Amino acid sequence: MPSVVFRRAGLIGALLASLMSGLSVPSSADSATVSSAVRAGGPSEPDVLGDVHGPAPAIATTPDPARSGRVTLAAAPRPTRSLPAQLDAQPSYVGQTSCDPFAKPGAVALGDLLLASYRTGSYGVSRLCHLDGTSEHLEGRALDWMLSAANPAQHAVATSALAWLTDNSGANARRLGVMYLIYNRKMWRAYDPGRRWADYHGASPHTDHIHISLTWDGAMKRTSWWTGTPVVAQDRGPCRVYAGEYAPLYRAANYRSCSTSLPAAPTSRYAVYTYGQKGDPVAVAQRILGVTADGSFGSRTRDVLLSWQPARGLPRTGVLDKATWARMVPGVQPAPASPPTPRSATVTPPGAVMTALTPYKRTRLASGSRGPAVAALQRALAVRGESRYRSRTIAAVRAIQRAARLRVTGVTDARTWNRIEERAYPWVGYRYVVLRRGSRGPAVAALQRALGATRDGVFGPVTERALRSLQARFGLPQTGVTDLRTWLSAILTASR
C-alpha cells in the first residue's frame, strides 16, 4: 500500500483522489485457499490464514460516524511514551498451536487503540476452538476490526489505518507486534513485507473487517509501542508435546523453536473435546474431575482440568485431549470415536454464535441449487413449495439483501447467510448487550425467548432465575447478569 498522509485541510478531496488513484486495497480475487508456498526462505503457512468462518466476536464498540457515509478521519494513533529509534525484531510466522480462546492483553489494547484513534467500527478477539481450523483467534491473539469495504467512509478509515501500519516496511506494525493483516481479499505479512499487499484467496474474503494477527510479543503487550523497549528476540509461544495435539497453554516466553519431531499421542477412543463443546463423554470426564456432570464443557470444568492435568504429569492444555483421556479412562474405550457433529456452529458479524445454519455458511447458493443447504435456507426464510433454489427462494433472498443494503443478486453468499441468520435467530444481535434485573426492551425479550421464559421485555425475578440456571448448567459464574459467555450459552441452547 503506498504511503499517504491525510491532513485536515482539504481532507475529503485528498482522500477521494487517493482512492481514485488506487490507494485502496484491491478487491478482485476468486475464492480458493491461500498458497502455502514459501517465498524467499519465509515461514511455512497453513492453507488458510486468519479467521476461516468470518469475523470474530465483537467485544468492544464505538459510535460509528462512518455509518452516515461522511468521510471523516481522525489522526493516526499516537504512542503514549517515547519510542526508541530501533524497531522491534522482524517477526517470523508463528501459527496457532494451543486452544486458549481468551483475549490477550495486547490484542485488547490494540483494539482499544484503533477505536479510540479512528472512532469507527467494533472489534472482537475470541473464538471457540471447535468453530474454526487454524486461527490466532483461538489463542486470543488476533482481532477483527469491523470495517466494510462496501462502505466508502469505513473503507477510507481502513485504508488510512492500514497505510499507517504498513508504511516504511511496516514500522508501526512491528512496534505493535502485528504478524499479518488481511482485508478486502488482500494480505500483508510483517514477516515478508517485500511481498507488499498480495492476493488472498481464503474462504472469507475479509471484505467486512480487517483481520489482525499478533505475535506472542504483541499479544502479551511486550513490544516497544507499549514498553518503550524494542523486542530483540521473538517469543515462539507454546510448543506441542504430542504430534497433532494441542500445545500446553501459554505461561512464559519461549525463545527456542519448537521441535517438529514429536511422539504420537497416547491412544484413546474418546474424541478430543474443547471448551464450549457438549456431549456424553464430557460428563464422563466431569465425574472423574469431581464437577457437575452436565455434559457441558464450561468454565468450571476447564478450571479443574487445568489443575488436574499437571498434577498427573500431563501437558496443561485445558483440553480433553488424547493424553488426558488415556489417563482418565485407561484401556479400550467404548466411547464414540468422534464428537457429535454440532447441529449449530457458525460465526457471523460481529460475533461467534451457534445456529442450525452452521454447516452451510461456506456454501454459495444460486438458481438451480438443491440439497440440505437449500432446505435449511428455505426453512430460515419460511419459503414453502420449492425443493430447489427457484423464484420464491430468490425473491426472499433479494428481500433480505435489499433490507440489509447488500448487493441485490439473489445469490446466497457469506454475507447474505449472515443476515439471514440474524433474521431467523433475532437474539443473536444482542449478544454484547449487558442485561440485569430491571432492564427492559427488545434485548430482554430476545433473551427471554432464548431462555424459554415469558417474553414480556422486562427483566424480572423469573428471567433472572432462568438466567442463573443457564449459567450454572454451563459452568459459568451465576451472576444473573449477561456477558458474552452467557449469551453464547443461551444462543447455543436456543439454536439446537
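Here the structure is a predicted model, which is why all the values come from computation and not from measurement.

Enquirer: Give a description of the nonpolar core that names residues and reports values.
Expert: Membership of the largest hydrophobic core comes to 31 residues, with the highest contact counts inside it found for Leu110, Leu143, Trp145, Leu176, Val178 and Ile212. Where this core is concerned, the elements lending two or more residues are α2 (105-118), β3 (142-145), α3 (152-176), β4 (178-183), β7 (210-214) and α5 (224-227). No other element matches α3, which puts 8 residues into this core. The residues contacting Leu143, other than those within four sequence positions of it, are Ala107, Leu110, Gly111, Leu114, Tyr123, Gly124, Val125, His137, Ile210, His211, Ile212 and Leu214. Judged by nonpolar contacts, the second largest core, of 20 residues, contains Leu381, Ile394, Val397 and Ile400.

Enquirer: So what's going on with the packing of aromatic side chains? Which residues, and what values?
Expert: Scanning the entire structure with this criterion turns up 7 aromatic pairs. When the ring of Tyr93 is compared with that of Tyr180, the centres are 6.4 Å apart and the planes differ by 40 degrees; the resulting orientation is tilted. Of this pair, Tyr93 sits in the loop between β1 (58-61) and α2 while Tyr180 sits in strand β4, and the two are 87 residues apart along the sequence. With relative accessibility at 9%, the residue Tyr93 sits in the buried group. We classify Tyr180 as buried; its relative accessible area is 0%. With 4.2 Å between their ring centres and 15 degrees between their planes, Tyr270 and Trp325 make a pair best called stacked. Linking Tyr270 in the loop between α5 and α6 (280-289) with Trp325 in helix α8 (residues 322-328), this pair joins segments that are 55 residues apart in sequence.

Enquirer: Please give an account of the environment of Arg362 that cites residues and values.
Expert: Mapped onto the elements of the fold, Arg362 is located in the loop between β9 (351-353) and α9 (372-381). With a relative accessible area of 53%, Arg362 lands in the exposed category. Put simply, Arg362 and Ala414 are 52 residues apart on the chain and 6.3 Å apart in space, counted from C-alpha to C-alpha.

Enquirer: Outline the side chain of Gln401, listing residues and values.
Expert: Along the chain, Gln401 falls in helix α10 (residues 391-403). If near-sequence neighbours (up to four positions away) are discounted, Gln401 is found in contact with Leu406, Arg407, Val408, Thr409, Gly410, Val411 and Thr416.

Enquirer: Would you mind going over the pattern of salt bridges in detail, with residue names and values included?
Expert: A complete count under the given rule lists 10 salt bridges for this structure. Note that Glu139 and Arg141 form a salt bridge whose closest N and O atoms lie 2.8 Å from each other. Overall, the relative accessible area of 0% leaves Glu139 in the buried class. Put simply, Arg437 and Glu464 hold a salt bridge, and the shortest N to O gap is 2.6 Å. With Arg437 in the loop between α11 (414-424) and α12 (442-451) and Glu464 in helix α13 (residues 461-473), this pair connects stretches of sequence that are 27 residues apart. Each of Asp100, Lys104 and Arg302 takes part in a single network of salt bridges with overlapping partners.

Enquirer: Hey, could you go over the confidence of the model for the protein chain for me, with residue numbers and the actual values?
Expert: Of all residues in the protein chain, 78% have pLDDT values of 70 or greater, and the mean over the chain is 80. Predicted confidence in the protein chain is weakest over strand β8 (residues 346-348), with a mean pLDDT of 31, and strongest over helix α4 (residues 216-219), with 97. Low pLDDT, under 50, characterises residues 64-69; the stretch is placed with 13 contacts to residues that sit more than four places away or in other chains. Ignoring residues within four places in sequence, the model shows residues 332-352, a span with pLDDT below 50, making 82 contacts including any to other chains.

Enquirer: How would you sum up the pairing of β3? Please name residues and give values.
Expert: The side chains of a regular strand alternate, first on one face of the sheet and then on the other. With burial as the criterion, each face of β3 is covered, one bearing Ala142 and Asp144 and the other bearing Leu143 and Trp145. Pairing of strand β2 (residues 122-124) with β3, which is carried by 2 bridges, proceeds in the antiparallel orientation. Residue pairing in the sheet places Gly124 in a bridge with Asp144 of β3. Alignment of β3 against β7, held across 4 bridges, turns out to be antiparallel. Within β7, the position partnered with Leu143 by the bridge is Ile212.

Parameters and conventions
- The numbering scheme is per chain: residues are counted from 1 as the chain's sequence reads.
- The model is predicted, so local features are restricted to residues of pLDDT at least 70 and side-chain atom pairs to those at 80 or more, both for listing and for counting; the totals for chains, interfaces and linings are taken over all residues.
- Heavy atoms throughout the structure, all of them, feed into the side-chain values; hydrogens and water do not.
- By nonpolar core is meant a set of buried Ala, Val, Leu, Ile, Met, Phe, Trp, Tyr and Cys residues that side-chain atoms within 4.5 Å join together.
- The classification of residues rests on relative accessible area computed with a 1.4 Å probe and restricted to protein chains. Under 20% of the type maximum is buried, over 50% is exposed, and intermediate values are partly exposed.
- Only DSSP runs of H or I covering at least 4 residues are called helices, and only runs of E covering at least 2 are called strands; the numbering of each starts at the N terminus.
- Contacts are assigned to residue pairs with any non-hydrogen atoms lying within 4.5 Å of each other.
- Classification of ring pairs rests on two measures: the distance between centres of Phe, Tyr or Trp rings, Trp counted by its six-membered ring, which must be within 6.5 Å, and the angle between planes, read as stacked under 30 degrees, edge-to-face over 60 and tilted in between.
- Salt bridges are counted wherever a side-chain nitrogen of Lys or Arg sits within 4 Å of a carboxyl oxygen of Asp or Glu.
- A residue's pLDDT is simply how confident the predictor is in it, with values from 0 to 100.
- When DSSP finds at least two bridges between two strands, those strands are taken to pair.

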